[in-house]
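A closer look at the structure
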Amino acid sequence: MGAKNGPIGDALAYLLPHTGSVYVEPFGGSFGVGKRLGARYPIRIYNDIEPCALAVMRQLTCPQAEEFYWRAMHEIQYSPGYLSSCLENFKNETDPVQKGIYAWAILTLSYSGNGKCYQFSTSPQARERYWKIMQGRRNALYLLRNVQVTEQDALDCILSHDVEGGVIYADPPYVLKGKKANNLYGESWDIQQQQRFLD
């Protein structure tokens, strides 16, 4: 179903239990469902292993999230050159705030929106999408206030949070038979990984 930041995310959030002790997304991604559930669960767990996603979420959920937001708003530029610079510097950046800014730019400016496909788009639709994201980003600070960020194998995350009253929303990678991982969604699963997950 792709990203859950629109009506699909609203629908899935509505279908989930309205109360619980903890909410867990072992494949966190954009946290499109989990960010809608702040008032329903005292603890929400965001888990992922993708470096860009983790770098951003760690900053958005830290006590200095407001400062991170404003710094990012001033630094991020809508240009292919800026995106290239972020891609070049992200891996070796040691300052977690600056790393988060690079990551946020990559996730926002990359063609796929998830940092996996880095072809920069200059279409009017892409520019409109970019500014819409920029304008709505501050809401993320309030939607992520009780979120804890973890970096685990997804199955380990599920097992460690399989508790009474817990709710786990798992949206694993696609299984692409006979195909390599595509640029839009990054790494796919094979049948064996899918079976291990189901077991």
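Thresholds, definitions, all that
Residues numbered from 1 in each chain as written. Predicted model: local features only at pLDDT ≥ 70, side-chain atom pairs only at ≥ 80, totals over all residues. Heavy atoms only, no water. Core = buried A, V, L, I, M, F, W, Y, C linked by side-chain atoms within 4.5 Å. Buried < 20%, exposed > 50% of the residue type's maximum accessible area, 1.4 Å probe, protein only. Helix = DSSP H or I, 4+ residues; strand = E, 2+ residues; numbered from the N terminus. Contact = heavy atoms within 4.5 Å. pLDDT = per-residue confidence, 0-100. Arc of directions from axis to C-beta. Lys, Arg positive; Asp, Glu negative; His and termini not counted. Salt bridge = Lys/Arg side-chain N within 4 Å of Asp/Glu carboxyl O. Axes fitted to C-alpha atoms, helices over the stretch in contact; angles between N-to-C directions. Parallel < 35°, antiparallel > 145°, perpendicular 65-115°, else oblique. Nonpolar A, V, L, I, M, F, W, Y, C, P; charged D, E, K, R; others polar. Disulfide = S-S within 2.5 Å.

1. Remarks on the nonpolar core
If you look at the biggest cluster of nonpolar residues, it comprises 44 residues, and the most contacted ones within it are Tyr 23, Val 33, Leu 60, Ile 76 and Trp 104. Sorting the residues of this core by element identifies helix 1 (7-15), helix 2 (51-60), helix 3 (65-75), helix 4 (80-89), helix 5 (96-109), helix 6 (124-136) and helix 7 (138-143) as the ones contributing at least two each. In this structure Tyr 23 touches Leu 16, Phe 31, Val 33, Gly 34, Leu 37, Tyr 41, Ile 43, Arg 44, Ile 45, Val 167 and Tyr 169, once residues within four positions along its chain are discounted.

2. Section: the confidence of the model for the chain
The share of residues in the chain with pLDDT of 70 or more is 80%, and the mean pLDDT across the chain is 82. For residues 181-185, every residue scores under 50 in pLDDT, and the model assigns this stretch 14 contacts once sequence neighbours within four places are set aside.

3. Observations concerning helix 1
Considered for burial, the residues of helix 1 that qualify are Gly 9, Leu 12 and Ala 13. Down the axis of helix 1, the smallest arc covering the buried residues is 100°, so these residues share one side. Turned more than 90 degrees off the buried face of helix 1, the exposed positions are Pro 7, Tyr 14 and Leu 15.

4. Focus on the side chain of Lys 99
By secondary structure assignment, the location of Lys 99 is in helix 5. With no salt bridge to any partner, buried Lys 99 finds its closest opposite charge in Glu 93, at an N-O distance of 7.8 Å.

5. A closer look at the packing of helix 5 against helix 6
Each packed pair of helices is defined by two parameters, the angle between the axes and the distance between the axes. In contact at an axis separation of 10 Å, helix 5 and helix 6 are set at 140° when each is read in the N-to-C sense. On the basis of the axis angle, helix 5 is oblique to helix 6. Along the contact surface, helix 5 presents Leu 107, Thr 108 and Leu 109, while helix 6 presents Arg 129, Tyr 130 and Ile 133. Of the residues assigned to the contact of helix 5 with helix 6, the class counts are 4 nonpolar, 1 polar and 1 charged.

6. Describing the state of the cysteines
Considering all chains together, one arrives at 0 disulfides under this definition. Unpaired in terms of disulfides, Cys 86 finds its nearest cysteine sulfur in Cys 52, a separation of 9.3 Å. Looking at Cys 86, the relative accessible area reads 0%, which means it is buried.

7. Re the pattern of salt bridges
Any two side chains of opposite charge can pair, so long as their charged atoms come close to each other. Under the criterion given, the structure shown has 4 salt bridges. When the shortest N-O distance is used, the salt bridge between Arg 36 and Asp 10 registers 2.5 Å. Here Asp 10 lies in helix 1 and Arg 36 lies in the loop between strand 1 (22-25) and strand 2 (44-47), a separation of 26 residues in the sequence. In this structure, Arg 71 engages Glu 75 in a salt bridge whose closest nitrogen and oxygen atoms are separated by 2.9 Å. Here Arg 71 and its partner Glu 75 are both found in helix 3, 4 residues apart, which amounts to about one turn of the helix.

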